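Structural characterization, general
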Amino acid sequence: VFEWEIEKVKKDKSLIWVHEISRVIDNSKINKSIFIACQNITERKQTQNKLIESQQRYKLLYENAPLAYQSLDKNANLINVNPAWLNTLGYKKEEVIGKYFGDFMLPESAELIKKSFPLFKACGYIKDAVFKMVKKDGTVISVTYNGNISTDEEGNFKQTYCNFIDVTERENQ
């Protein structure tokens, strides 16, 4: 059995995608035949291409955003961070993914996360929450967090989507 997807030109010069399957049927008493089946998969290919383009746009937006973005799991562990997050705090991605979010804060802010994270998950959003974060070099900065949660089909918590803004200069004025 041989299978492949190929783009073909129709008589009217338009292009379509075709999924083809061929199989050699061996009836040694009579002869060998080749069975070929074709299915037009143009719509599926177009949908796949749109999905890929959408994912690429999202990734470019996320990776090049001027705000620091992060996602947390149900235990407030970092699932994902963007380059602005890493640049602001001075870490590499492999140093933070899977770590507890409070590990990057002063103890009083980490305690606040421990107490407020269940409330955040329950109400579905956080707005203008101020925390003291510790950069890799030990510098303490003040940040304002905003975010939402996402849920699965049954309404169960899935993860957070948050951004923060460094407001240290604003606080020091």
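For the structure given in this document, a descriptive report is provided here. (Residues numbered from 1 in each chain as written. Predicted model: local features only at pLDDT ≥ 70, side-chain atom pairs only at ≥ 80, totals over all residues. Heavy atoms only, no water.)

**A look at the state of the cysteines**
Where we set the bar: When two cysteine sulfur atoms are found within 2.5 Å, that pair is recorded as a disulfide. Burial classes: relative accessible area under 20% of the type maximum marks a residue as buried, over 50% as exposed, and values in between as partly exposed (1.4 Å probe, protein chains only).
According to the stated counting rule, one finds 0 disulfides in the structure shown. Cys 123 carries a free sulfur, and the closest cysteine sulfur to it, the one in Cys 162, is 11 Å from it. Cys 162 sits in the buried class, given a relative accessible area of 4%.

**Thoughts on the sheet that holds strand β2 (residues 15–27)**
Quick reminder of the rule: When DSSP finds at least two bridges between two strands, those strands are taken to pair. Helix and strand definitions follow DSSP, with helices as H or I runs of at least four residues and strands as E runs of at least two, each counted in order from the N terminus. Axis angles are defined between N-to-C directions and span 0 to 180 degrees, where every axis is a line fitted to C-alpha atoms and, for a helix, only to the segment in contact.
One open sheet accounts for 3 strands, arranged β1-β2-β3; its pairing is antiparallel. Single-partner strands in this sheet number two, and they are β1 (2–9) and β3 (31–40). Neighbouring strand axes in the sheet, compared pairwise and without regard to direction, differ in orientation by 30° on average. Pairing between β2 and β3: 10 bridges, direction antiparallel. Looking at the pairing, Val 24 lines up with Ile 34 of β3.

**Quick notes on the sheet that holds strand β7 (residues 140–151)**
Backbone hydrogen bonds are what pair the strands of a sheet, in a parallel or an antiparallel way. As summarised here, the arrangement of the 5 strands in space is β5-β4-β8-β7-β6, forming an open sheet in which the pairing is antiparallel. Pairing within the sheet leaves two strands with one partner each, and these edge strands are β5 (78–81) and β6 (125–134). If you compare each strand with its neighbour and ignore which way they point, the axes differ by 30° on average. Direction of pairing for β7 relative to strand β8 (residues 157–166): antiparallel, over a ladder of 9 bridges. Across the sheet, residue Thr 144 finds its bridge partner in β8, namely Ile 165.

**Here's the deal with unusual backbone geometry**
A positive phi angle, close to 75°, is found at Lys 13, a residue other than glycine. Look at Lys 13 and you get exposed, because its relative accessible area is 68%. In the Ramachandran plot, Asp 128 falls in the positive-phi region, its phi being about 55° despite a non-glycine side chain. If you trace the backbone, Asp 128 turns up in strand β6. Given the relative accessible area of 45%, Asp 128 is considered partly exposed.

**Structural notes on helix α1 (residues 42–64)**
To be explicit about the condition: To estimate how far a helix should reach, multiply one less than its number of residues by 1.5 Å. Whether two residues are in contact is decided by their heavy atoms: any pair within 4.5 Å suffices.
With 23 residues, α1 should cover 33 Å at 1.5 Å per step; its first-to-last C-alpha distance of 33 Å lies within 8% of that length. Looking at α1, one finds that the buried residues are Thr 42, Lys 45 and Tyr 62. On its buried side, α1 packs onto β1, β2, β3, β4 (68–72), β5 and α2 (83–89).

**Examining helix α4 (residues 107–123)**
Each α-helix turn comprises 3.6 residues. Residues three or four places apart therefore point the same way. Operational definition: The angle separating two fitted axes, one through the seven residues that finish at a residue and one through the seven that start at it, defines the bend at that residue.
A rise of 1.5 Å per residue sets the reference length of α4, with its 17 residues, at 24 Å; its end C-alpha atoms lie 24 Å apart and thus fit the reference within 8%. In the structure, α4 departs most strongly from a straight axis at Ser 116, where the bend amounts to approximately 40° and where the proline Pro 118 lies between one and four residues downstream. Among the residues making up α4, those that are buried are Ser 109, Ala 110, Ile 113, Ser 116, Phe 117 and Phe 120. Buried residues belonging to α4 abut β4, β6, β7 and β8. Downstream of α4 by one or two residues, Gly 124 has phi in the positive range, about 95°.

**A closer look at the environment of Cys 162**
Its location among the elements puts Cys 162 in strand β8. Between the C-alpha atom of Cys 162 and that of Ile 113, which follows or precedes it by 49 residues, the distance is 14 Å. Aside from chain neighbours lying at most four places away, what touches Cys 162 is Ala 68, Tyr 69, Gln 70, Phe 120, Tyr 145, Asn 146 and Gly 147.

**Some thoughts on the pairing of β7**
In the sheet, β6 pairs with β7 via 8 bridges, with the strands oriented antiparallel. Within β7, the residue paired with Met 133 across the bridge is Ile 141. Turn length for the β6-β7 hairpin, with the two strands adjacent in sequence and antiparallel, is 5 residues, and the turn residue Gly 138 shows positive phi of about 95°. Once β7 ends, the chain turns through 5 residues before running back antiparallel as β8, passing Gly 155 with a positive phi of about 90°.

By themselves, these observations are geometric and do not establish any function.
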